[in-house]
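The residues making up each chain are set out below.
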Amino acid sequence: MRYLVTGGAGFVGSNLVRRLEADGHDVTVIDDLSSGHFKNLVGFRGDFYAEDISRMDLVSVFAGRPAFDAVFHQASITDTTVMDQRFMMERNVEGFRRVIDYALRHTLPVVYASSAGVYGANPSPQTETQTPAPMNVYGFSKAVLDNVAAQAAKGYSRTIVGLRYFNVFGPGEDFKGAAASMIYQLYRQMKAGKAPRIFKWGEQGRDFVYVGDVVEANILALSSRRSGSFNVGSGSFTTFNTLVDTIRESLKLDLKTDYFDNPYDFYQEHTHADIRAAGEAFGYSPKTTVVEGIREYVRILESRGR
Ligand SMILES: NC(=O)c1ccc[n+]([C@@H]2O[C@H](COP(=O)([O-])OP(=O)(O)OC[C@H]3O[C@@H](n4cnc5c(N)ncnc54)[C@H](O)[C@@H]3O)[C@@H](O)[C@H]2O)c1
């Protein structure tokens, strides 16, 4: 198969590209390298377009070439602290619109990255039937992607599947800086000999999901029975204390946790994905528990260090 992966030099995208190539497929990547890095793709065998997807005319760029079999769209501004609303909306929504226009013209299935950020302060467990209530323009841009996809999917003969990733962690996050997962940040703190810092008293938590399961969800979503936006998490809730304990134990370090006051007026204390819809539509069932995922991830980070 021939696949197009936007955002393929990023964290999730590069893990997906590796998996698709390992499965014997041809992959073309579009990535403007705004938060991705070529080092994520060392060993990549395909073609690469260093373009901003929100300005790229995919139809003419790929004219005369054999059409792709599907598009995986991961490209996005991923730093949720970016407050420039117009910039966020242009890049994320216009980029997606161009992908949809191209896919519809060639009748291709699309799998795209949405986000748990669409839920905002909705109570746990987060389910797809809840009304999106994003707390920042990043989450709003993803909610609009879901709206655009729902419109495009009406009467379309192929599927358009949005995956609302929860908190993804795993190899390939190194270039995300402050936007990398909390697990990566805590690992870095502890490796530097610093006490892991979390809000008092560490019982807040998230649905953390290992990147291998997110890649699997993308591949399974290609054969989804229906279009729609689906939660992709581990389906479990993990406290910040558990993250710290697991990393500490994996690193065999004796660093006491430094608890500090949460400075935010509003803070989402609890996320937990209801993943039944993705299971029903395309058989998604995460394979790696969060604790196993952290142990494997720390092993990989440590082996690189050596
Ligand atoms: N990592 C998570 O926890 C998480 C959670 C929810 C949703 N997501 C979504 O998953 C997708 C992948 O995120 P990630 O964690 O791998 O982040 P990432 O920043 O590593 O990957 C995004 C990639 O898209 C590229 N990109 C950004 N804007 C572009 C544009 N206009 N044109 C072309 N390329 C562009 C970046 O250079 C980068 O390589 C994103 O859509 C993100 O919003 C991620």
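Only a predicted model underlies this, so the values are computations on that prediction, with no experimental measurement involved.

Each value, and the rule that gives it
- Residues numbered from 1 in each chain as written.
- Predicted model: local features only at pLDDT ≥ 70, side-chain atom pairs only at ≥ 80, totals over all residues.
- Heavy atoms only, no water.
- Helix = DSSP H or I, 4+ residues; strand = E, 2+ residues; numbered from the N terminus.
- Buried < 20%, exposed > 50% of the residue type's maximum accessible area, 1.4 Å probe, protein only.
- Contact = heavy atoms within 4.5 Å.
- Areas by Shrake-Rupley, 256 points an atom, 1.4 Å probe, with all protein chains shown as cover.
- Lys, Arg positive; Asp, Glu negative; His and termini not counted.
- Charge placed at Lys NZ, Arg CZ, Asp CG, Glu CD.
- Domains from an automatic or database assignment.
- Buried area = accessible area lost by both parts, 1.4 Å probe.
- Polar contact = N/O pair within 3.5 Å; in protein donor to acceptor, adjacent residues only side chain to side chain.
- Nonpolar A, V, L, I, M, F, W, Y, C, P; charged D, E, K, R; others polar.
- Near = heavy atom within 4 Å.
- Salt bridge = Lys/Arg side-chain N within 4 Å of Asp/Glu carboxyl O.
- Phe/Tyr/Trp six-rings, centres within 6.5 Å; stacked < 30°, edge-to-face > 60°.
- Lys NZ or Arg CZ within 6 Å of the ring centre and 35° of its normal.
- Pairing = 2+ DSSP bridges.
- Right-handed = clockwise from strand over helix to strand, strands pointing away.

Novice: Would you explain the overall build of the protein in this entry?
Specialist: Counting its secondary structure elements, the protein contains nine helices and 13 strands. Overall, the protein is about 60 × 45 × 35 Å in size when its C-alpha atoms are taken along their principal axes. Buried residues in the protein amount to 52% of all 306 residues. Here the analysis covers contacts within the protein between residues at least 6 apart in sequence; of these, 79% occur between residues at least 24 apart. Just so you have it, the protein exposes about 14000 Å², and 50% of that area is on carbon and sulfur atoms. For the protein, the distance from the average site of its 34 positive side-chain charges to the average site of its 35 negative ones is 2 Å.

Novice: What am I meant to see in unusual backbone geometry here?
Specialist: A negative phi angle is the norm for most residues apart from glycine, just as the trans form is the norm for most peptide bonds. With an omega dihedral of -5°, the bond running from Ser124 to Pro125 counts as a cis peptide bond. One can find Pro125 in the loop between β5 (110-115) and α4 (137-153). Note the cis peptide between Lys200 and Trp201, where omega equals -10°. If you check the backbone angles, Thr107 has positive phi at about 55° while not being a glycine. For Thr107, a relative accessible area of 34% translates into the label partly exposed. Here Lys252, not a glycine, exhibits a phi torsion of approximately 55°, which is positive. Relative to the elements of secondary structure, Lys252 occurs in the loop between α7 (240-251) and β13 (258-260).

Novice: What exactly am I supposed to notice about the domain arrangement of the protein here?
Specialist: Per the domain assignment, the segments making up the protein are domain 1 (2-169 + 208-235 + 270-287) and domain 2 (174-205 + 237-265 + 297-305). The straight-line distance from the C-alpha centre of domain 1 to that of domain 2 is 27 Å. Each partner contributes residues to the interface: domain 1 has 14 residues there, and domain 2 has 13 residues. In total, domain 1 and domain 2 occlude about 1200 Å² of area from one another, counting both sides; carbon and sulfur atoms represent 71% of this. Among the residues domain 1 hides against domain 2, the three largest losses belong to Phe169, Phe208 and His270. Together they make up 44% of the total. Where domain 1 meets domain 2, there are one residue pair in polar contact (both at pLDDT 80 or more). Put simply, the parts of the chain that give the side of domain 1 that touches domain 2 at least two residues each are β7 (167-169) and β10 (208-210). Here the residues of the side of domain 1 that touches domain 2 sort into five nonpolar, seven polar and two charged.

Novice: Even after reading the chapter, I still don't get the site of the ligand, so can you show me in this structure?
Specialist: The environment of the ligand is formed by 29 residues, the closest being Asp31, Ser35, Thr78, Tyr138 and Lys176. Phe166 places a main-chain nitrogen or oxygen 3.5 Å from an oxygen atom of the ligand. In the complex, the protein chains occlude 96% of the 820 Å² of accessible area that the ligand would expose alone. For the shell around the ligand, the secondary-structure elements that each account for two or more residues are α1 (11-22), β5, α4 and β7. Across the shell around the ligand, the residue classes tally to 11 nonpolar, 11 polar and seven charged.

Novice: Which parts of the structure should I look at to understand the side chain of Lys142?
Specialist: By secondary structure assignment, the location of Lys142 is in helix α4. Buried and unpaired, Lys142 has no salt bridge, with Asp146 as the nearest side chain of opposite charge at 8.1 Å. In contact with Lys142, other than residues within four places in its own chain, are Ser76, Ala113, Ser114, Ser115 and Val118.

Novice: Which parts of the structure should I look at to understand the packing of aromatic side chains?
Specialist: Here the distance between the centres and the angle between the planes together describe a pair of aromatic rings. Counting across every chain of the model gives 15 aromatic pairs. Arranged with centres 6.4 Å apart and planes meeting at 65°, the rings of Phe68 and Tyr102 form a pair that is edge-to-face. Remark: Tyr102 occurs in helix α3 (residues 85-106) and Phe68 occurs in the loop between α2 (58-61) and β4 (70-73); sequence separation between them is 34 residues. Summarising the burial analysis for this pair, Phe68 and Tyr102 share the class buried. Relative to Tyr264, the ring of Phe199 lies with its centre 6.2 Å away and its plane at 70°, an arrangement referred to as edge-to-face. Here Tyr264 lies in the loop between β13 and α8 (276-282) and Phe199 lies in strand β8 (residues 197-199), a separation of 65 residues in the sequence. Exposure remark for Tyr264: the relative accessible area of 51% places this residue in the exposed category. Three or more aromatic residues joined by ring pairs form one cluster here, namely Tyr49, Phe62, Phe68 and Tyr102. Positioned above the aromatic ring of Phe260, the side-chain terminus of Arg197 is 4.1 Å from the ring centre.

Novice: Sorry if this is basic, but what is going on with the pairing of strand β2 (residues 26-30) here?
Specialist: Each regular strand shows side chains that alternate between the opposite faces of the sheet. Where burial is concerned, most of β2 is hidden: four out of the five residues are buried. For strand β1 (residues 2-6) and β2, the ladder comprises five bridges, and the chain directions are parallel. Counterpart to Arg2 in the pairing with β2 is Asp26. After leaving β1, the chain enters α1 and then returns to the sheet as β2, a path that is right-handed.

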